[in-house]
Amino acid sequence: MTLRRYDLLVVGLGAMGSAVTYHATRQGLSVLGVDQYEPPHDLGSTTAETRITRLAVGEGPQYLPFVERSHEIWRELEAESGAQILHECGGIIITDQQPVPGQRWEDFVTETARIAERGGIEYELLDPASVRHAHPWVNVPDNRNAGFERTAGLVMADRAVEVQLELAQQHGATIQTGERVETIEPHDGFVRVRTDAGEYEATNVVVSTGPWFSELVAPEHGEQVTVTRQVVYWFEAEDLDAFTTSAIPFVMWIAQRDEDYIGLFPMPPGGTPAVKILGEQFLETTDARSVDREVSQQEIDTFFDVHVAPKFSGVTRNCVRSAVCLYTNTTDDHFLIDTDPRSENIIVMSPCSGHGFKHSTALGEAVAERIATGTSTYDLAPFRSRHQDR
Ligand SMILES: Cc1cc2nc3c(=O)[nH]c(=O)nc-3n(C[C@H](O)[C@H](O)[C@H](O)COP(=O)(O)OP(=O)(O)OC[C@H]3O[C@@H](n4cnc5c(N)ncnc54)[C@H](O)[C@@H]3O)c2cc1C
């Protein structure tokens, strides 16, 4: 039997895969998207309702064009779908005045201010007293640096995935969920993909499998990533109206130890009625199939006592919801977007080191453009593999 040959087969339909699928159909390609679950789901990296977005991306200037374009695309998606995806509530970043060399994002406020200046983005350096004055619920001591971006905000992550997949289907994409890809084999001029339900052929394949990344890619790509378990908590507020996206900005509070990072997300319209707060840890690695997805009461209590109570007022210790989410980090905490060593027709694009969502739809557009036309308006070179043989 002759198999239908798609222009593009996308494996994994989370943040990255749903974006490539949507943009590739807009480029006129025939696209098949396959996912082992029913995205958006809560087993990978795109879960827990919201993600922080900042135009002034202290992670580096290479990201600036992507986040700027993503904000434009989300507004386009909102106009096309009627859904609200981006809430520009503003964002505060707090860091130590004495950053530790080698820290994950050293001197992040200064770096963010530098990127803002370079990109013409409005950015305000704040002294801690003015943060406390404007936001009495932030217990920031005097010996900290702080900055505020008005155009920063929250993206409705699950909703963005859903909308991109719905619109992709309306534009002609085929989406198959509950189907797991088992092998990807390059042949002369095409790629064969075997799943637990069948076999497909495509001219190009994108592997955007998030924390499952290492399972399907070449070892030289797979060995560059580490998966870690992160926990997200929703704590009841004393006065929930004071913690909504229309009332307050998000707060990213970076400390001397990576493990003392804490992020506070205001409640968006229709969100879980509580204050979302998360930390970060890189000490214990895991994998997406064996990770512990339970969050114990002891874990909740420790997180609240050690991280939440000293930093934020107005948040109670009553945790109404928690979720486990997975980071897929590269060795230098940047992105890995490249071709598979076996074939130029296979593109890998998932490990985004815990800061990928804000760039995802523009990355999807850039990859789709490259597949459709052989080139992209945006520079993907900074994300190429750092493997020594490349
Ligand atoms: C707690 C947390 C907080 C974060 N905060 C932010 C933030 O504030 N701002 C920001 O910009 N970024 C943030 N990030 C990072 C961002 O969420 C991720 O970079 C992004 O969601 C990664 O999406 P993905 O598509 O690579 O992976 P996923 O969304 O996990 O998608 C991968 C998909 O591949 C599918 N799949 C895997 N293997 C197979 C297979 N064999 N066959 C078929 N399907 C398969 C999975 O089912 C899944 O649907 C955060 C991440 C976490 C975990």
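My aim in this report is to walk through the structure given alongside it, one point at a time. (Residues numbered from 1 in each chain as written. Predicted model: local features only at pLDDT ≥ 70, side-chain atom pairs only at ≥ 80, totals over all residues.)

Topic: the overall build of the chain
Rule in force here: Only DSSP runs of H or I covering at least 4 residues are called helices, and only runs of E covering at least 2 are called strands; the numbering of each starts at the N terminus. We call a residue exposed when 12 or fewer other C-beta atoms sit within 10 Å of its C-beta, buried when the count reaches 20 or more, and partly exposed for counts in between; the C-beta positions come from the backbone. Remark: residues whose backbone-derived C-beta atoms lie within 7 Å of one another are considered to be in contact.
When its secondary structure is counted, the chain shows eight helices and 20 strands. Projected onto the principal axes, the alpha-carbon positions of the chain cover approximately 70 × 45 × 45 Å. Buried residues in the chain amount to 47% of all 390 residues. Residue pairs in contact within the chain that sit at least 24 positions apart in sequence constitute 74% of those at least 6 positions apart.

Some words on the site of the ligand
Rule in force here: The criterion for a residue being near a molecule or strand is a backbone-placed C-beta atom within 6 Å of that molecule or strand. Side-chain classes are defined by residue name, with Ala, Val, Leu, Ile, Met, Phe, Trp, Tyr, Cys and Pro counting as nonpolar, Asp, Glu, Lys and Arg as charged, and the others, Gly among them, as polar. Each domain's extent is set by a domain assignment, obtained either automatically or from a database.
Gly12, Gly14, Gly44, Gly210 and Gly356 are the nearest of the 38 residues found near the ligand. Elements supplying a minimum of two residues to the shell around the ligand: α1 (15-26), β2 (31-35), β3 (50-53), β13 (225-237) and β18 (315-330). Here the residues of the shell around the ligand are counted per class, giving 19 nonpolar, 15 polar and four charged. Residue assignment places the shell around the ligand across two domains, with domain 1 (5-47 + 158-224 + 332-383) and domain 2 (88-152 + 225-330) each supplying three or more.

Some details on the packing of α1 against helix α5 (residues 157-170)
This is how the line gets drawn: Here the axes come from fitting lines to C-alpha atoms, over the contacting stretch only for helices, and the angles between their N-to-C directions go from 0 to 180 degrees. Note on terminology: angles under 35 degrees are roughly parallel, angles over 145 are roughly antiparallel, angles of 65 to 115 are roughly perpendicular, and the others are oblique. Take the far helix as the reference: if the near one is turned anticlockwise from it by less than a right angle, the crossing is left-handed, and if turned clockwise, right-handed.
Closest axis-to-axis distance for the α1/α5 pair is 8 Å, and the angle between their directions is 30°. Of the possible angle classes, the one that applies to α1 and α5 is roughly parallel. Helix-helix and strand crossings are classified by hand; for α1 and α5 the assignment is left-handed. Residue-level contacts link Ala15, Ser18, Ala19, Thr21, Tyr22 and Thr25 of α1 to Ala157, Val161, Gln164, Leu165, Leu167 and Ala168 of α5. Here the residues of the contact of α1 with α5 are counted per class, giving eight nonpolar, four polar and no charged.

Let's talk about the nonpolar core
Let me state the cut-off plainly: By definition, a nonpolar core groups buried Ala, Val, Leu, Ile, Met, Phe, Trp, Tyr and Cys residues that are joined through C-beta atoms within 7 Å.
Core analysis: the largest hydrophobic core is formed by 117 residues, its most contacted members being Leu8, Leu9, Val205, Val206 and Val275. A per-element tally of this core places β13 first, with seven residues. Composition of this core by domain shows at least three residues from each of domain 1 (5-47 + 158-224 + 332-383) and domain 2 (88-152 + 225-330). With residues up to four places along the chain from it excluded, the contact list for Val206 reads Leu8, Val10, Val11, Gly17, Val20, Ile347, Met349 and Val367.

Concerning helix α3 (residues 108-119)
For clarity, the threshold we go by: In this analysis, the expected span of each helix is defined as 1.5 Å times one less than the number of residues it contains.
With 12 residues, α3 ought to run about 16 Å at 1.5 Å a step, and its terminal C-alpha atoms sit 16 Å apart, in line with that. Among the residues of α3, those classed as buried are Phe108, Val109, Glu111, Thr112, Ala113, Ile115 and Ala116.

Description of the pairing of β13
Put simply, the rule is: A pair of strands counts as paired when DSSP detects no fewer than two bridges linking them.
Where β13 meets β18, 12 bridges bridge the pair, whose relative direction is antiparallel. From the neighbouring strand, Val231 faces β18, where its bridge partner is Val324. Sheet analysis places β13 next to strand β17 (residues 285-286), joined by two bridges and oriented antiparallel. Counterpart to Val227 in the pairing with β17 is Thr286. Bridge analysis of β13 against strand β16 (residues 275-278) gives four bridges, and the strand direction is antiparallel. Bridging from a neighbouring strand, Phe235 pairs with Val275 of β16.

Regarding the packing of helix α2 (residues 64-81) against helix α8 (residues 360-373)
Across the interface, α2 lies against α8 with an axial gap of 7 Å and an inter-helix angle of 100°. Between α2 and α8, the angle falls in the class roughly perpendicular. Where α2 abuts α8, its residues Phe66, Arg69, Ser70, Ile73 and Trp74 lie against Ser360, Thr361, Ala362, Leu363 and Glu365. Of the residues contributing to the contact of α2 with α8, the split by class is five nonpolar, three polar and two charged.

Details of the environment of Ser214
Tracing the backbone through its elements, the reader meets Ser214 in the loop between β12 (199-207) and α6 (219-222). Exposure remark for Ser214: the 20 C-beta atoms within 10 Å place this residue in the buried category. For the pair Ser214 and Glu68, spaced 146 residues apart in sequence, the C-alpha to C-alpha distance is 30 Å. With near-sequence residues (within four places) excluded, Ser214 lies in contact with Gly222 and Val225.

Some remarks on the sheet that holds strand β4 (residues 86-87)
One open sheet accounts for three strands, arranged β3-β8-β4; its pairing is antiparallel. Here the strands that pair on one side only, and so sit at the sheet edges, are β3 and β4. Inspection of the sheet shows β4 paired to strand β8 (residues 153-156) by two bridges, in the antiparallel sense. What sits directly across from Leu86, in β8, is Val155. α5 rests against β3 and β8 of the sheet, and its axis sits at about 45° to β8.

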